[in-house]
Amino acid sequence: MADRVTVIGWDGSPLTAAARSALGAATLVAGAAHHLALPEVPPAAERIRLGSTALAARRIAAHRGTAVVFADGDPGFFGVVRTLRAPEFGLEVEVVPAVSSVAAAFARAGMPWDDAQVVVAHRRTLRRAVNVCRAHAKVAVLTSPGAGPAELGLLLEGVHRTFVVCEELGTDREQVSVVTSDKAADHIWRDPNVVIVIGGPVTAGDHGDWIAGRDPAAGPRGWTLPADAYGGGLGEGEAELLRAAQLARLGPRTGDLVWDIGCASGAFATEAARAGAAVLAVDRDAEACARTEAAARRHGVQMHVVHGTAPHVLENLPEPDVVRIAGGGAAVVSAVADRRPQCIVTHAMTRDAAELVGRDLSEHGYRVECALIQSVELDTRAWTETERSVAFLLSGVLPDRAP
């Protein structure tokens, strides 16, 4: 095992005294090509071009001597420190930090970033990173080869965003470009890069912020809001307690893409977006689409509203994680199940209709649950009944799809 492992963050600034001291004693140095080309790297030291950090960690663990690992930005922020400290390698490390790539990118853009979401995009996490960009007004994406600005732009098709692309920060080849998301695929971008994704109005708040990222206390308290929050006149299947049960079954969260088919007033779509998920709201009624867009603006959430008739309009939509179906019948349920989301919820007004939908979901391999949901609203001044809602709530969970 290496006698000593020092991880040096590099942001283009001159190396600190601590970094130079560790580097001068190193018998093994790991890093990217521009790190290994630094004049302070000892000529006699073994050099490892850093690709897979796990492979590098194995070689460092087997090395007898003193090792230094370079990393761009702050190595403790989505960096190599986590891998090196993994139990299977048994390495204890000292860290010389630097300005993170995210902080540097926002500094180049002249923007605050305490209100930004920060995600890492690899090939396996690219879709979830894109969903965060759909759902939030300000996102920093730490990219990787094959999951860069061009791929982000392609997967955001139909959703307008502004990209601030910061290439090779800290080097003499550093470049900052501003493009719209639909033009990002027209460029060849150099690695490494950070993309700041902006969608909708982003302004500095006049209140004292207390948490990084999206404020979970923004907006009224509660999973679901009363009818008057949406201008009143909610449609069939939009009762507050039914919406709460649907949200509980789906559990929308940051990184998910939710389809809301038959969005009506936009109540469910808005509440799924308030939970941090990306939302595609679909309705064949243009007025319903307009109401949904108005609800999203009123409650300060991002979503993409699609005007069209299911199931045909669903064919070209991006892959969903969870789906709520408010209308369209068995044909829509079957079309959605063919796309294999992890969870589907819908409702039926009769037992026969519920059985038909349940059999369809079962035939598609879903584990089906059904409950009769009944809610009665009372006027507490006289304790008299004001409204009654009854529906069969169905949910299907795909056992073989990971959350």
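Residues numbered from 1 in each chain as written. Predicted model: local features only at pLDDT ≥ 70, side-chain atom pairs only at ≥ 80, totals over all residues. Heavy atoms only, no water.

Colleague: For this particular structure, what's the right way to read unusual backbone geometry?
Modeller: A cis amide bond links Asp191 with the next residue in sequence, Pro192, at an omega value of -5 degrees. By the secondary structure assignment, Pro192 is in the loop between strand E9 (175-180) and strand E10 (193-198). Across the junction of Ala310 and Pro311, the peptide omega takes the value 10 degrees, indicating a cis bond. Here Pro311 lies in the loop between strand E13 (304-307) and strand E14 (322-325). (Helix = DSSP H or I, 4+ residues; strand = E, 2+ residues; numbered from the N terminus.)

Colleague: Help me out: how do you make sense of the sheet that holds E14 in this one?
Modeller: Two pairing modes exist for strands in a sheet, parallel and antiparallel, and in both the strands are linked by backbone hydrogen bonds. The 7 strands are arranged E13-E12-E11-E14-E15-E17-E16 in an open sheet whose pairing can be described as mixed. Here the strands that pair on one side only, and so sit at the sheet edges, are E13 and strand E16 (367-379). Strand-to-strand, the axes of this sheet are offset by a mean angle of 20 degrees, without reference to chain direction. Sheet topology note: the strand E12 (residues 278-283)/E13 ladder contains 4 bridges and is parallel. Bridging across to E13, Val282 finds its partner in Val306. Sheet contacts for helix H8 (residues 240-250): E14, strand E15 (343-348), E16 and strand E17 (384-397); angle to E15, the most-contacted strand, approximately 155 degrees. (Pairing = 2+ DSSP bridges. Axes fitted to C-alpha atoms, helices over the stretch in contact; angles between N-to-C directions. Contact = heavy atoms within 4.5 Å.)

Colleague: Just checking my understanding: could you explain empty space enclosed by the protein for this structure?
Modeller: Picture a little ball the size of a water molecule; that probe, rolled over the atoms, points out where space is still empty. Scanning the model with the defined rule gives 1 cavity of 30 Å³ or more in all. Estimated volume of the largest cavity: approximately 40 Å³. Those elements that provide at least two residues to the lining of the largest cavity are helix H3 (53-62) and helix H4 (80-84). Top contributing element to the lining of the largest cavity by residue count: H3, with 3 residues. (1 Å grid on protein atoms, 1.4 Å probe; cavity = no way out; pocket = protein on both sides within 12 Å on 5 of 7 lines; lining within 4 Å. Points joined across faces, edges and corners; volume = space filled by probe spheres on them.)

Colleague: In this structure, what is going on with the layout of surface pockets? I would like to understand it.
Modeller: As a volume, the largest pocket reaches approximately 1400 Å³. Contributing to the lining of the largest pocket are 44 residues, with Phe78, Gly79, His122, Thr143 and Ser144 lying nearest its centre. Put simply, the parts of the chain that give the lining of the largest pocket at least two residues each are helix H2 (33-36), strand E4 (66-72), H4, helix H5 (101-109), strand E6 (117-120) and E10. Residue classes in the lining of the largest pocket are distributed as 19 nonpolar, 15 polar and 10 charged. (Nonpolar A, V, L, I, M, F, W, Y, C, P; charged D, E, K, R; others polar.)

Colleague: Whenever I open this one, the sheet that holds E10 confuses me. Can you help?
Modeller: Pairing is mixed across the open sheet formed by 5 strands, whose spatial order is E6-E7-E10-E8-E9. Each edge of the sheet is formed by a strand with only one pairing partner; in this case those strands are E6 and E9. The sheet shows a mean angle of 20 degrees between the axes of neighbouring strands, direction not considered. In terms of strand pairing, strand E7 (residues 138-142) meets E10 through 5 bridges, oriented antiparallel.

Colleague: Before we go on, may I ask you to explain the packing of aromatic side chains in this structure?
Modeller: A ring pair, where both rings are aromatic, is described by two values, the distance of the centres and the angle of the planes. All told, the structure shown has 2 aromatic pairs when counted by the stated rule. Ring centres of Phe77 and Phe78 lie 5.1 Å apart, and the angle between their planes is 70 degrees; this geometry places the pair in the edge-to-face category. Geometrically, the ring pair formed by Phe106 and Trp113 is stacked, given 6.1 Å between the ring centres and 10 degrees between the ring planes. (Phe/Tyr/Trp six-rings, centres within 6.5 Å; stacked < 30°, edge-to-face > 60°.)

Colleague: What am I meant to see in the pattern of salt bridges here?
Modeller: Side chains carrying opposite charge are able to pair once their charged atoms draw close together. The tally for this structure, following the rule as stated, stands at 19 salt bridges. Of the charged contacts in the structure, one is a salt bridge between Glu94 and Arg4, with a shortest N-O distance of 3.4 Å. Placement of the pair is Glu94 in strand E5 (residues 93-96) and Arg4 in strand E1 (residues 4-10), with a sequence separation of 90 residues. The shortest N-O distance in the salt bridge between Asp260 and Arg324 comes to 2.7 Å. Here Asp260 is found in strand E11 (residues 257-261), whereas its partner Arg324 is found in strand E14, with 64 residues between them in sequence. On the basis of relative accessible area, Asp260 is assigned to the buried category, the value being 0%. By relative accessible area, Arg324 is classed as buried at 1%. Look at the salt bridges and you will find they share partners, linking Arg127, Arg128, Arg253, Asp256, Glu319 and Asp321 into a network. (Salt bridge = Lys/Arg side-chain N within 4 Å of Asp/Glu carboxyl O. Buried < 20%, exposed > 50% of the residue type's maximum accessible area, 1.4 Å probe, protein only.)

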